[in-house]
Amino acid sequence: MNYLFIHQNFPGQFVHLSQALAERPGNRVVALAMNKNPAPAKVEVHHYNLLRRPAEQVHPMLQDMESKVLRGEACAAKAMQLKHSGFTPDIIVAHPGWGEPLFLKDVFPRAKVVMYCEFFYGMEGRDVGFDPELPQMTFDKQCILRLKNNANLHALDIADAAISPTEWQKSTYPAWAHNKISVIHDGIRSDRLQPRADARIRLGREGQLQEFGPGAEILTYVARNLEAVRGFHIFMRSLPHILKKRKKARVVVVGGDDVSYGARLPGNLTWREHMLREVGEGIDLSRVHFVGKVPYGTYLDLLQVSKVHAYWTTPFVLSWSFLETAISGAPLIASATQPVLEFAEELGVRTVGFFDHKGFAEAICEELARPPVARQAKFLQRIEHDWCLQRQLDLLAQL
């Protein structure tokens, strides 16, 4: 069988599935990507580049659509080269979020298509229209947001099947599409999350580094980038109370200063700069460590050392870090938003209202005050790597 994976940041969510298919005798697995990332062995990765620059003048409401068309055009051109070289996929697995699959059915009309349904934009109660502190939607912004779903709608139209990692993410899509979408998580490798008493992290300035292991009062927060969609502003407002009440506590904040979701702040301030202006005088910055983005191995050590982990999100795509932290057995305080509540009870996660930074701080202080106990990893079959991978393979086999 020939398989073609489409993902701007391949392997992304397809790392386990593409690897498993590539390891099976008789399969040829090819991927098209824009960014160069390490890929599973035996997967042939071909990179594409835009064929033209965005137009200097385009209707503001069409800027996002133009970027998707440019990526779809570039991806289709590279796919056409593959076709001319003799490669024709039986099954295409694609992430439509950036527009790459727009024209693939025109290149390979007989291929079965599986779409990855990560998120469908809504006008309220999701990443927008939830937090009143963020800029409210104007009519023009509503129109732009509506048009952002064009690629999603096209993907659903050409898909023979679709996968969504959680029930909540599936629920964001139109009801008429639900029969086409199977809920199968990407898969969490719980074997990497087992308790390790020897885990260590080092914090402080050069020449003044201190080493910490399990049992220390370490509060952790992890996000790809520090921004309001992931509740960073609420988290920062909890710190003055936490650091005042817990004199030995250290805070480790993982994440970059770019924007993954939402808009930039006025004046091009980062959310870290913005929140330090608001609460910086009320916190001891010698005990708050902004470490940026860290290697995955360092992140795993951090989960093992963490006395309590804070996870805050608006109703948006659930982070792998939430599930990995919960599976690792680390105490977790999280926002009582729909993506979290889908798993919170089964994983024993304590939740607090998204906007309640005082309740959030108190819950964290309670966990930091508890005597250290031996940690036990958790198991949840519906997000376990092997179970999820087999369900994904079964879905492809049905096509």
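Okay, so let's go over this structure. This one's a predicted model, so the numbers in the text were calculated from it and none came from an experiment.

Reading guide: rules and limits
Residues numbered from 1 in each chain as written. Predicted model: local features only at pLDDT ≥ 70, side-chain atom pairs only at ≥ 80, totals over all residues. Heavy atoms only, no water. Disulfide = S-S within 2.5 Å. Buried < 20%, exposed > 50% of the residue type's maximum accessible area, 1.4 Å probe, protein only. Pairing = 2+ DSSP bridges. Helix = DSSP H or I, 4+ residues; strand = E, 2+ residues; numbered from the N terminus. Axes fitted to C-alpha atoms, helices over the stretch in contact; angles between N-to-C directions. Salt bridge = Lys/Arg side-chain N within 4 Å of Asp/Glu carboxyl O. 1 Å grid on protein atoms, 1.4 Å probe; cavity = no way out; pocket = protein on both sides within 12 Å on 5 of 7 lines; lining within 4 Å. Points joined across faces, edges and corners; volume = space filled by probe spheres on them. Nonpolar A, V, L, I, M, F, W, Y, C, P; charged D, E, K, R; others polar. Core = buried A, V, L, I, M, F, W, Y, C linked by side-chain atoms within 4.5 Å. Contact = heavy atoms within 4.5 Å. Phe/Tyr/Trp six-rings, centres within 6.5 Å; stacked < 30°, edge-to-face > 60°. Lys NZ or Arg CZ within 6 Å of the ring centre and 35° of its normal.

Considerations on the state of the cysteines
This model, assessed by the stated rule, comprises zero disulfides. No disulfide involves Cys 117; its sulfur sits 16 Å from the nearest other cysteine sulfur, which is in Cys 388. For Cys 117, a relative accessible area of 3% gives the class buried. Since its relative accessible area comes to 0%, Cys 388 is described here as buried.

Remarks on the sheet that holds strand β15 (residues 350-352)
Taken together, the six strands give an open sheet; going across it, the order is β12-β11-β10-β13-β14-β15, and neighbouring strands pair in parallel fashion. Either end of the sheet is taken by a strand with one partner, and the two such strands are β12 (288-292) and β15. The average undirected angle you get between the axes of adjacent strands in this sheet is 20 degrees.

Details of the pattern of salt bridges
Inspection of every chain in the model, using the stated rule, returns 18 salt bridges. Measuring nitrogen to oxygen at the nearest pair gives 2.9 Å for the salt bridge that ties Glu 44 to Arg 28. Here Arg 28 lies in strand β2 (residues 28-33) and Glu 44 lies in strand β3 (residues 43-47), a separation of 16 residues in the sequence. Linked by salt bridges that have partners in common, Glu 133, Arg 237 and Glu 278 make up one network.

Some thoughts on the environment of Asp 386
Within the fold, Asp 386 resides in helix α13 (residues 385-398). Along the chain, Asp 386 and Pro 101 lie 285 residues apart, while their C-alpha atoms are 28 Å from each other.

Examining the layout of surface pockets
Quantified by volume, the second largest pocket comes out at close to 350 Å³. For the lining of the second largest pocket, the per-class residue count stands at nine nonpolar, five polar and five charged.

Some points on the nonpolar core
Core analysis: the biggest nonpolar cluster contains 34 residues, and Leu 219, Phe 232, Phe 235, Leu 239 and Ile 364 have the highest contact counts within it. In contact with Leu 219, other than residues within four places in its own chain, are Phe 235, Leu 239, Ile 242, Arg 250, Val 251, Val 252, Val 308, Ala 310 and Ile 364. Among the nonpolar cores identified, the runner-up in size contains 31 residues, and Leu 203, Ile 218, Ala 334 and Ile 383 belong to it.

Describing the sheet that holds β3
Pairing is parallel across the open sheet formed by seven strands, whose spatial order is β3-β2-β1-β4-β5-β6-β7. Strand pairing shows two members of the sheet lacking a second neighbour, β3 and β7 (181-183), which therefore form its edges. Within the sheet, the average angular offset between the axes of one strand and its neighbour, ignoring direction, is 20 degrees. Pairing of strand β1 (residues 2-6) with strand β4 (residues 91-94), which is carried by four bridges, proceeds in the parallel orientation. By the bridge assignment for β4, Ile 6 is matched with Ala 94. Packing against the sheet, helix α2 (residues 63-84) makes contact with β1, β2 and β3, and its axis sits at approximately 150 degrees to β2.

Observations regarding the packing of aromatic side chains
With the rule as written, the count across this model stands at 18 aromatic pairs. With a centroid separation of 6.4 Å and 55 degrees between ring planes, the pair formed by Phe 235 and Phe 360 is classed as tilted. One end of the pair, Phe 235, is in helix α7 (residues 232-245); the other, Phe 360, is in helix α12 (residues 357-369), and 125 residues separate them in sequence. With respect to class, Phe 235 is no different from Phe 360; both count as buried. Among the aromatic side chains, those forming a connected cluster through ring pairs are Phe 130, Tyr 221, Phe 232, Phe 235, Trp 312, Phe 354, Phe 355 and Phe 360. Between the NZ or CZ atom of Arg 272 and the centre of the ring of Phe 290, over which it lies, the distance is 5.4 Å.

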